Amino acid sequence: MQSNIVVPHTVAIQSHHKDGFALSIAECGGEFNFLAKRQYVLSSSDAPVERGSHAHKELWQFMVCLGGEVDLKFEGLGGEFRFTLVPGKEGVLVPPGYWRDISLKPDSVLSVLASELYDEGDYIRDYGQFKEWLAAKGQINSVPFVALDRCHETLKADLSKIFDATVASNELVLGKACREFELRFADFCETEFAIGCGNGLDALTLALRAAGIGENDEVIVPANSFIATALAVSSVGAKPVFVDCLEGTYSIDIGGIESNITPKTRAIIVVHLYGIPADMDPIVALANKHGLFVLEDAAQAHGATYKGKKIGSLGHAAAFSFYPTKNLGALGDGGAVTTDDPVLAERIRKLCNYGSTVKYQHELQGVNSRLDSLQANVLSYKLSLLPDWNERRRQIAAKYHESLGECSDYLDLPQVTKAGEAVWHLFPVLLKGIARQSVIDALAELQVSTGIHYPYTIDKTEAYDSPVSVPVAEKVAEGGISLPMDPYLTDGEIDYVCSALKSVLEQLVGD
Ligand SMILES: Cc1ncc(COP(=O)(O)O)c(C=O)c1O
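Residues numbered from 1 in each chain as written. Predicted model: local features only at pLDDT ≥ 70, side-chain atom pairs only at ≥ 80, totals over all residues. Heavy atoms only, no water.

**Q** Hey, could you run me through the overall build of the protein in this one?
**A** Of regular secondary structure, the protein possesses 13 helices and 25 strands. With respect to the principal axes defined by its C-alpha atoms, the protein has extents near 90 × 70 × 35 Å. When contacts within the protein are restricted to residue pairs at least 6 apart in sequence, those whose partners lie at least 24 apart make up 73%. Total accessible area on the protein stands at roughly 22700 Å², and carbon and sulfur atoms take up 51% of it. The positive charge centre, built from 44 side chains, and the negative charge centre, built from 67, are 4 Å apart in the protein. (Helix = DSSP H or I, 4+ residues; strand = E, 2+ residues; numbered from the N terminus. Contact = heavy atoms within 4.5 Å. Areas by Shrake-Rupley, 256 points an atom, 1.4 Å probe, with all protein chains shown as cover. Lys, Arg positive; Asp, Glu negative; His and termini not counted. Charge placed at Lys NZ, Arg CZ, Asp CG, Glu CD.)

Shown next as C-alpha cells:
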C-alpha cells in the first residue's frame, strides 16, 4: 500500500462455466464498492472503435468486457494504468479523476456500471482542462493528524457487509464472533490466550485484578504514558509508583524501576509507548529476581516485535486497546488481554463477565466489560490488514527519519530499542530550545495537524498531583510534538509535513 489514493484496478469476478455456458457475477458492494445507478454498453461491429477521452470528477465506474477484447488506458492522480479485458474473468474498478481511452477491437462489447445517474457537469471533456483540474487536486495544502475517514471510506463495502452479517447473526455480545477474534488475536500475538473486553483501561485493570494485585500493593509505572496506565493500578486499590523514561525510545528506565522496588512492589507495567517496543529482557530478569508480575501495556503497539517475538507475549500478560485510532482499531471501544497463563486467562474471562462463565453461576465479584460481536467481527477483518498498515507506518517513519535527520540541532527523533521493530502508533519529535506552542501554531497555519503525547507526566496531572522527579519524561511532556502518522497518508503529504516543519524551524530559529 503506497497511499490513500484508490487507483484503477482489476477485480476478479465470479464465473461459472458449464457446457459452453458462462455465468459471471459482480455484486455491488461486493466486487466493487458502490451501488450502481446506471448501466451502459459500448460495442463495436466489424471495425475497431476508439472511445473515452474524458474524465469524471465524482463518478465511480466498474467496467466488464462481455465480448471480444477491450484495451483500457487511464491517467490520473495515482499515475497511468493499462488493462486488456476479455469476457468472464475480471472487471476494472475506475475511481473518479481518471482520463480514459477505450479501444474496442472488432465485435467487442464493454458493459459499464456507474455510481450516479448521467450528469454532464461531472464530465471533463477537454484534456488541457483535465490536466489543470488534476494539478489543483494533487496539490497538497493540508495534512490531517490521522486519516481514519480514508480508511473507513476504503473499507466501507466490507464494513457494511460485516454490519449486516452481525445483525443477522442475532448474537451481539460475546459469542462466536468474539471467540473467533480471540483465537485470531492470540495467534497474531503468539500467545496461548486472548480475552476480549470493553476497552484498554479495563484490559489493564482486569489483568491486575486477576493477578491478585490490590490494597497495599505498589505497581511501578512509567510517568510518561496515557493516564489509563496508572488509573488501572489505582482502580484495583494499589499505588502507582512513577518512574522516568529513557532518552530516545521513551521506554521505562530500568534503573528507575530498580531503585523504586520496595517490599510492597508487586508488579511493573511496561508501556510500549508510541509503538516502540521496550527493552524487555532486562526488565523481565529484574522482575523475576524480585518475583514481580510483568504487565505489558501494548495499547499502542499491536504487531511490534522485540528480538523477533511479538509484543503482548513478553510478560505475564499484556493489555491492548482497540480504540478506533489505534493501529488495530474497532468502530468503537474495545480491548483485550493476552497471556500464556491458563489460570490468569480463566480469571479474566470470569471477571469481565460478572464473575461468571456459566450463566448465573457467579464465582467472583466481576464487572461487565465485554467485547461486542460487531467490534469482534470488525477487528477480525482489520487484523488481516494490520501487517500492511504497520509496514506503511514504518515507511512513513523512515521518511521522517530520512528527511528530518538534518534538523538534529533543533529536533530529537524517536529511536527504536535495539532488536525491536516498532509499529509507530505515533511519531513524536522532541524540540530542543524552541517553544513548542510557536511550532504547533506555525504548522497549523500551514494546515499541518499535530498532537502532544502527553502534555503532563501522570504524576503531575490534577488527578494524581503527586509530583516526582522524572526529568526525561518532563522534557518530553514540555517539548514533544507528534507529527501526522497514519497508513493512509500519502508520500506527498509526508513530504509536505517535513518541508513545513523545516521551514517553520528555520523561521523560528532566525527570529
Ligand atoms: C498507553 C495506553 N494505555 C491504555 C490506554 C487505554 O485504552 P482505552 O482508551 O481503550 O481504554 C491507552 C489509550 O489511549 C493508551 O494509549
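**Q** So what exactly am I meant to see when it comes to the pattern of salt bridges here?
**A** Two side chains that carry opposite charge are able to pair once their charged atoms sit near each other. This structure, assessed with the given rule, holds 24 salt bridges. Residues R125 and E120 are paired through a salt bridge, measuring 2.8 Å at the closest nitrogen-oxygen approach. In this structure R125 comes out as partly exposed when scored by relative accessible area, which is 46%. Residue D217 pairs with R266 through a salt bridge whose shortest N-O separation is 3.1 Å. Here the residue D217 occupies a position in the loop between α4 (200–210) and β14 (218–222), and R266 occupies one in strand β16 (residues 265–271), the gap between them amounting to 49 residues. Taking relative accessible area as the criterion, R266 reaches 32% and is therefore assigned partly exposed. Connected through salt bridges with shared partners, the residues E69, D71 and K105 form a single ionic network. (Salt bridge = Lys/Arg side-chain N within 4 Å of Asp/Glu carboxyl O. Buried < 20%, exposed > 50% of the residue type's maximum accessible area, 1.4 Å probe, protein only.)

**Q** Looking at this structure, how should I read the packing of helix α11 (residues 436–445) against helix α13 (residues 491–510)?
**A** Packed helix pairs are specified by the crossing angle of their axes together with the interaxial distance, meaning the distance between the axes. It is at 10 Å that the axes of α11 and α13 come closest, and there the two elements cross at 130°. Comparing their axes, α13 and α11 come out oblique. Every pair of crossing elements has a handedness; the one defined by α11 and α13 is right-handed. Within the contact between the two elements, α11 uses S438, V439, A442 and L443 and α13 uses A500, L501, V504 and L508. (Axes fitted to C-alpha atoms, helices over the stretch in contact; angles between N-to-C directions. Parallel < 35°, antiparallel > 145°, perpendicular 65-115°, else oblique. Left-handed = near helix turned anticlockwise from the far one by under 90°.)

**Q** What am I meant to see in helix α1 (residues 127–138) here?
**A** Residue pairs spaced three or four apart in an α-helix point in one direction, given the helix's 3.6 residues per turn. Compared with an ideal rise of 1.5 Å per residue, which puts twelve residues at 16 Å, α1 spans 16 Å between its outermost C-alpha atoms and is within 8% of the ideal. By the N-cap criterion, in which a side-chain oxygen at the helix start approaches the backbone nitrogen of a residue two or three places on, α1 is capped by D126, the distance to G128 being 3.1 Å. (Expected span 1.5 Å × (residues − 1). Polar contact = N/O pair within 3.5 Å; in protein donor to acceptor, adjacent residues only side chain to side chain.)

**Q** Is there a simple way to think about the site of the ligand in this case?
**A** Near the ligand there are 15 residues, and of these G200, D297, Q300, S321 and K326 occur at the shortest range. With respect to the ligand, the backbone of G200 contributes an N or O atom lying 2.7 Å from an oxygen atom. A distance of 2.7 Å separates an oxygen atom of the ligand from a polar side-chain atom of S321. Starting from 390 Å² of accessible surface for the ligand in isolation, the protein chains cover 90%. For the shell around the ligand, the elements supplying multiple residues, two or more each, are α4 and α5 (228–235). Ranked by residues supplied to the shell around the ligand, first place goes to α4 with three residues. Looking at the shell around the ligand, its residues break down into seven nonpolar, six polar and two charged. (Near = heavy atom within 4 Å. Nonpolar A, V, L, I, M, F, W, Y, C, P; charged D, E, K, R; others polar.)

**Q** Would you take a moment to explain the sheet that holds strand β9 (residues 90–94) for this structure?
**A** The strands making up a sheet associate through backbone hydrogen bonding, with each pair oriented either parallel or antiparallel. Taken in spatial order, the five strands of this open sheet run β1-β9-β6-β11-β4, and their pairing is antiparallel. Edge positions in the sheet fall to β1 (9–12) and β4 (38–43), since each of these pairs with one other strand and no more. Within the sheet, the average angular offset between the axes of one strand and its neighbour, ignoring direction, is 30°. Note: β4 against strand β11 (residues 109–114), six bridges, orientation antiparallel. Residue pairing for β11: S43 is matched across the bridge by V109. (Pairing = 2+ DSSP bridges.)

**Q** Help me understand the domain arrangement of the protein in this model?
**A** Annotation of the protein at the domain level lists domain 1 (9–138), domain 2 (151–386) and domain 3 (390–510). For domain 1 and domain 2, the distance between their C-alpha centroids amounts to 46 Å. (Domains from an automatic or database assignment.)

**Q** Please clarify how the environment of G480 should be interpreted in this entry.
**A** Turning to its location among the elements, G480 is positioned in strand β25 (residues 480–483). On the basis of relative accessibility, which here comes to 9%, the residue G480 falls in the buried class. Other than its neighbours up to four places away in sequence, G480 contacts V429, L430, R436, I452 and K475.

**Q** Looking at this structure, I do not really get the environment of V439. What am I missing?
**A** With respect to the helices and strands, the residue V439 is situated in helix α11. As for V439 and Q507, which are separated by 68 residues in sequence, their C-alpha atoms are 9.9 Å apart. Once residues within four sequence positions are removed from consideration, V439 is found in contact with L431, I434, I481, L501, V504 and L508.

**Q** Explain the pairing of strand β5 (residues 49–56) to me, please; I cannot follow it from the model alone.
**A** Each regular strand carries side chains that alternate between the two faces of the sheet. Strand direction decides the pairing type here: β5 and strand β10 (residues 98–104), joined by five bridges, are antiparallel. Each residue of the ladder has a partner; that of V49, found in β10, is L104. With two bridges connecting them, β5 and strand β12 (residues 123–124) associate as antiparallel partners. Considered in β12, the bridge of H56 is made with Y123.

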